[in-house]
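Examining the three-dimensional arrangement
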Amino acid sequence: MKRRINNKKMLELMKKNCHGNYNLFGRELGVDPAHLYRFLNTGVGGGKKMIFALIKYCESHNLNFTHYLELD
């Protein structure tokens, strides 16, 4: 099984924790805000870098990162 990020749930996380601000959420994740915007709105670009950034973010905020993943 292949796992990938559920961009809709990640968008909800951004709205809740960063007031919907792509720049702020991108900085907290350590990814380019343009890359984040493209992924959250189109689903393109959710590779290893985005997954590892999400895992690191969730660990630092005591969140369960598996909540933001979906199985293929």
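Residues numbered from 1 in each chain as written. Predicted model: local features only at pLDDT ≥ 70, side-chain atom pairs only at ≥ 80, totals over all residues. Heavy atoms only, no water.

So, about the side chain of N7. As for its position among the elements, N7 is in helix α1 (residues 7-18). A polar contact of 3.5 Å, which involves the side chain of N7, links it to the backbone oxygen of L40. Contact partners of N7, with chain neighbours within four places excluded, come to F39, L40, T42 and G43. (Helix = DSSP H or I, 4+ residues; strand = E, 2+ residues; numbered from the N terminus. Polar contact = N/O pair within 3.5 Å; in protein donor to acceptor, adjacent residues only side chain to side chain. Contact = heavy atoms within 4.5 Å.)

Glancing now at helix α4 (residues 48-60). Taking 1.5 Å of rise per residue, the 13 residues of α4 would be expected to cover 18 Å, and the 18 Å separating its terminal C-alpha atoms lies within 8% of that figure. Listing the buried residues of α4 in full gives M50, A53, L54, I55, Y57 and C58. Along its buried surface, α4 packs onto β1 (3-5), α1, α2 (22-29) and α3 (33-42). N62 sits one or two positions beyond α4 and adopts a positive phi of about 55°. (Expected span 1.5 Å × (residues − 1). Buried < 20%, exposed > 50% of the residue type's maximum accessible area, 1.4 Å probe, protein only.)

What follows is about the state of the cysteines. What makes a disulfide is a covalent bond joining the sulfur atoms belonging to two cysteines. This model, assessed by the stated rule, comprises 0 disulfides. Free of any disulfide, C18 has its nearest neighbouring cysteine sulfur in C58, separated by 12 Å. For C18, a relative accessible area of 1% puts it in the buried group. (Disulfide = S-S within 2.5 Å.)

What follows is about the nonpolar core. Judged by nonpolar contacts, the single largest core of 19 residues is most densely connected at M10, F25, L29 and L36. Discounting residues that sit within four places of it in the chain, L29 has contacts with M10, L36, A53, L54 and Y57. (Core = buried A, V, L, I, M, F, W, Y, C linked by side-chain atoms within 4.5 Å.)

For the coordinates displayed, the defined rule picks out 2 aromatic pairs. Judged by centre distance (5.0 Å) and plane angle (65°), the ring pair of Y22 and Y37 falls under edge-to-face. Note that Y22 is positioned in helix α2 and Y37 in helix α3, a separation of 15 residues in sequence. Relative to Y57, the ring of F25 has its centre 5.4 Å away and its plane inclined at 85°; by these criteria the two rings are edge-to-face. Of this pair, F25 sits in helix α2 while Y57 sits in helix α4, and the two are 32 residues apart along the sequence. (Phe/Tyr/Trp six-rings, centres within 6.5 Å; stacked < 30°, edge-to-face > 60°.)

Here the focus is the packing of α1 against α2. When two helices pack together, their arrangement is given by the angle between the helix axes and by the axis-to-axis distance. Here α1 crosses α2 at 100°, and the two axes come no closer than 10 Å. As summarised for this structure, α1 and α2 are arranged roughly perpendicular, according to the angle between their axes. Of α2, the residues touching α1 (which contributes M10, L11, L13, M14 and C18) are Y22, L24, F25, E28 and L29. A per-class count over the contact of α1 with α2 returns 9 nonpolar, no polar and 1 charged. (Axes fitted to C-alpha atoms, helices over the stretch in contact; angles between N-to-C directions. Parallel < 35°, antiparallel > 145°, perpendicular 65-115°, else oblique. Nonpolar A, V, L, I, M, F, W, Y, C, P; charged D, E, K, R; others polar.)

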